[in-house]
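# A structural walkthrough
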Number of protein chains: 2
Amino acid sequence: MITQTADHTDIRATNLAAVLGYLRREAPCSRAAIAAGTGLNKATVTSIVGELLERRLVRETQQTQNHVGRPATLLVLDGSAYATIGLEIGARGLTALGCDAAGEQILRWHRAGPGVDAGPAKTIAAVVALARRAISTVQSSGRQVLGITVGVPGLVNRDGAVVLAAGLGWSDVPLRAELAATLGRPDIPVTVDNDASLGVLAEHLYGPYAGTANLIQLTGDTGVGAGIIVDGRPLAGHLGYVGEIGHLRLVPDGPACGCGRRGCLEALASLPAILEQVDGSIDDDPQHQLETLIRRADAQDAAVTKVLTEAGTHLGHGIAALVNILNPEVVLLGGAYALLAEHLSPAIDKALREASIAPDAGGCTIAASAFPHTATPLGATAHALTPLTRGRLPAR
Amino acid sequence: MITQTADHTDIRATNLAAVLGYLRREAPCSRAAIAAGTGLNKATVTSIVGELLERRLVRETQQTQNHVGRPATLLVLDGSAYATIGLEIGARGLTALGCDAAGEQILRWHRAGPGVDAGPAKTIAAVVALARRAISTVQSSGRQVLGITVGVPGLVNRDGAVVLAAGLGWSDVPLRAELAATLGRPDIPVTVDNDASLGVLAEHLYGPYAGTANLIQLTGDTGVGAGIIVDGRPLAGHLGYVGEIGHLRLVPDGPACGCGRRGCLEALASLPAILEQVDGSIDDDPQHQLETLIRRADAQDAAVTKVLTEAGTHLGHGIAALVNILNPEVVLLGGAYALLAEHLSPAIDKALREASIAPDAGGCTIAASAFPHTATPLGATAHALTPLTRGRLPAR
């Protein structure tokens, strides 16, 4: 637990994180079990548990352990006094989700966005307005807001600036800094991350494939992106620009992409590309347009089936690149792809199996996301808990 | 260090690994420094260091620390009593490397291989013959052989079976089991891994980019493969089938690939593909053919330059897929690509920059491997040390 150069605060945080981690895996459990399980001495565990009780992050239960001897007081995690807020900026609008630190959902709102053509300034104003309302609702419920994380369909650097979001028409927007300045709440940390990276976090923590060590989730509602968990950990890369599968060139000299190139997966098989192929354009109400698409697909409309089969084939080739490079155990179809999964899957499976070098696509399962509407904001609420899980207690 | 369920042997191994790891990073250092740096108590450190001294894995030096007080005996790693053997099976032949556990090279041999058409049985016999000679040479030098690791250009499963090696014409060869049975030395563990995965290990440990957290090495001598380090750790995926960038389809309906598909990167830009484009066929002596190619490229032969520029463009697109998905800090050109690097790099850089979605290719540097001939067997010698670095002492 202790490294030679760590100062006292670091050691306390490391030990606190170890106690919280043990409780997350093993609770209910006694102080003695925590000491044995973490290798910390009993005095340290008693002191840390005391602080966690006082801060209402842990509570005692009357339950007793099932063995001989005097009954021990058992501990469980508590998180009901704290909450985080997750927000998603997408072409279909803004979504806000509030969860307490135990994972209980407090609020879930969707707002039609300011539109792709509105530019970053209007979107930032709309996000901050939504965040303020969410903070107010969370605080009215008696909880302290620990942080806000915002997901964006684009390249996000380590400072939370959006380097490029072709689907939104953004480049070089210092989103985190501008959101924090406009919000004006220095007590509430704001972070920004890629939408797919946050989405796969939700699946990895809460979905039916939770805990899968090599897990990928694809989203295609605005751009096409992949959130990637490798060996149990979120992939981050050198500067954070990972999972940009949307700009794999599948068809040399294919249709023009928002990024300025041609034949990218995104130009062939993103939701906007699919809607445009079916209807000739994108409506002002893409949500309604998607519902119509799903109804027509369910009714086996020939034109829609043809477009979805072609999109599925392109997605299968894109997933094959992920499979050949990363050998995931599960690839989840997220967002609108989840709603269209039964129509896309046959073509995806066929193309994937043809284009994967490993037999049986390296054992990869393709499935629909459990959170087609909320994976990104749900993952964002978990991401905003990161300082706490690393042992940094909330500001008082 | 201690987990609740670990038995005594596990705890000893974990603590031993911690002491060896600390020594690798910090030696020369005192027993007291090891205790402070690992969090182990002094009695445990004294006992472990005693065992390591007795097993000649550590030795004492007369050096003293540069501060007031009585001089402490300092410890350094020793590895001169033990060695591992790394072997590479490639289309250009077999390579064997022996290193002692301190990383000192003991032997390095290259043998013309039995040829791609010889089939697995002849190759296994040739590998075992080479391994026996290497074991004998290492033992004559007074060292104990800790293990043998063999690198193969293909998909290797967790049992060390080669599921598919298109460049060798192999499928479903239980290589590890057959090598171990033919060698008949149960005291010497044999492991098998993908050549590129072993090659990048050599770069990550010993090359000029050692320690780079997000590092990739490409090889193209037989198939085209990528060895991948993500966040400081070798990428393994669900079943071990990672880095198969050679079968990314770059040109729909392009030239036929050994895997049965068309237009794969490997069919366009592997060394065999380059040689065939230049000379119309692959010679019996591909090593000599490669040297001729390099001479002609150095002399700016127009036909060779054209082929290498096209191959570089395809490689740039393949590397762009890695960059868009993984955002590596460094991509190394390994094997024959390293020898051809100055001729391939301009086209690689141009295509990579055009096809990467992140500005400046996400900060990625392209460079030539430091070990064009020996990355795989060198990485294999390091891989064979894995049990020791995990704290399992050699058999007596």
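Small disclaimer: the values here were computed from a predicted structure and weren't measured.

## Re the overall build of chain A
Each helix and strand counted, chain A has 14 helices and 15 strands in total. In terms of overall size, chain A behaves like a compact globule, its C-alpha atoms giving a radius of gyration of 23 Å where 396 residues would be expected to give roughly 21 Å. In terms of overall dimensions, chain A has a C-alpha envelope of 70 × 50 × 45 Å along the principal axes. Buried positions account for 54% of the 396 residues belonging to chain A. Here the analysis covers contacts within chain A between residues at least 6 apart in sequence; of these, 62% occur between residues at least 24 apart. With the model as given, the accessible surface of chain A reaches about 16200 Å², and the carbon-plus-sulfur share is 50%. Once the 31 positive and 37 negative side-chain charges of chain A are each reduced to a mean point, those two points are 9 Å apart.

## Comments concerning the packing of aromatic side chains
According to the stated counting rule, one finds 0 aromatic pairs over all chains in the structure shown. Lying across the ring of A:Trp109, A:Arg133 places its NZ or CZ 4.3 Å from the centre.

## Quick notes on the packing of helix H10 (residues 302-326) of chain B against helix H12 (residues 341-355) of chain B
Residue and element names in this part refer to chain B. In contact at an axis separation of 7 Å, H10 and H12 are set at 45° when each is read in the N-to-C sense. Our classification of the angle between H10 and H12 gives oblique. As H10 runs across H12, the sense of the crossing is right-handed. The segment H10 lies against H12, with Leu-308, Thr-309, Ala-311, Gly-312, Thr-313, Leu-315, Gly-316, His-317, Ile-319, Ala-320, Val-323 and Asn-324 engaging His-343, Leu-344, Ala-347, Ile-348, Ala-351, Leu-352 and Ala-355. Of the residues in the contact of H10 with H12, the class split is 12 nonpolar, 7 polar and no charged.

## Quick notes on the domain arrangement of chain A
One can read the domain layout of chain A as domain 1 (8-77), domain 2 (82-198 + 376-389) and domain 3 (208-369). Domain 1 of chain A and domain 2 of chain A are separated by 33 Å when their C-alpha centres are compared.

## What to know about a negative patch on the surface
On the surface, A:Asp283, A:Asp284, A:Asp285 and A:Glu291 cluster together into a negatively charged patch. Position of A:Asp283 among the secondary structure elements: in the loop between helix H8 (271-279) and helix H9 (286-298).

## Points about unusual backbone geometry
Note on backbone geometry: most residues besides glycine have negative phi, and most peptide bonds are trans. All names here are of chain A. Pro-28 follows Ala-27 through a cis peptide bond whose omega is 0°. Summarising the element assignment, Pro-28 is placed in the loop between helix H1 (8-26) and helix H2 (31-38). A positive phi is found at Arg-56, a non-glycine position, where the angle reads about 60°. Along the chain, the position of Arg-56 falls in the loop between helix H3 (42-54) and strand E1 (58-61). Residue classification places Arg-56 among the partly exposed residues on the basis of a relative accessible area of 47%. Phi at Ala-361 takes a positive value of approximately 50°, unusual for a residue other than glycine.

## Some points on the pattern of salt bridges
As enumerated under the stated definition, the model contains 19 salt bridges over all chains in all. Of the charged contacts, one joins A:Asp187 and A:Arg185 as a salt bridge, the two residues approaching to 2.9 Å between their closest N and O atoms. Looking at A:Asp187, the relative accessible area reads 45%, which means it is partly exposed. A:Asp231 is the partner of B:Arg233 in a salt bridge, and the nearest nitrogen-oxygen pair spans 3.6 Å. Taken together, the positions of B:Arg233 in strand E13 (residues 233-234) and A:Asp231 in the loop between strand E12 (225-230) and strand E13 (233-234) put the pair across two chains. B:Arg233 sits in the partly exposed class, given a relative accessible area of 33%. Taken together, the salt bridges that share partners define one network made up of A:Asp279, A:Arg296 and A:Asp301.

About the criteria used
Residues numbered from 1 in each chain as written. Chains lettered and ligands numbered in written order. Predicted model: local features only at pLDDT ≥ 70, side-chain atom pairs only at ≥ 80, totals over all residues. Heavy atoms only, no water. Helix = DSSP H or I, 4+ residues; strand = E, 2+ residues; numbered from the N terminus. Rg over C-alpha atoms; globule rule 2.2 N^0.38 Å. Buried < 20%, exposed > 50% of the residue type's maximum accessible area, 1.4 Å probe, protein only. Contact = heavy atoms within 4.5 Å. Areas by Shrake-Rupley, 256 points an atom, 1.4 Å probe, with all protein chains shown as cover. Lys, Arg positive; Asp, Glu negative; His and termini not counted. Charge placed at Lys NZ, Arg CZ, Asp CG, Glu CD. Phe/Tyr/Trp six-rings, centres within 6.5 Å; stacked < 30°, edge-to-face > 60°. Lys NZ or Arg CZ within 6 Å of the ring centre and 35° of its normal. Axes fitted to C-alpha atoms, helices over the stretch in contact; angles between N-to-C directions. Parallel < 35°, antiparallel > 145°, perpendicular 65-115°, else oblique. Left-handed = near helix turned anticlockwise from the far one by under 90°. Nonpolar A, V, L, I, M, F, W, Y, C, P; charged D, E, K, R; others polar. Domains from an automatic or database assignment. Patch = residues over 30% accessible without salt bridge, like charges linked within 9 Å, V, L, I, M, F, W, Y side chains within 5 Å. Salt bridge = Lys/Arg side-chain N within 4 Å of Asp/Glu carboxyl O.

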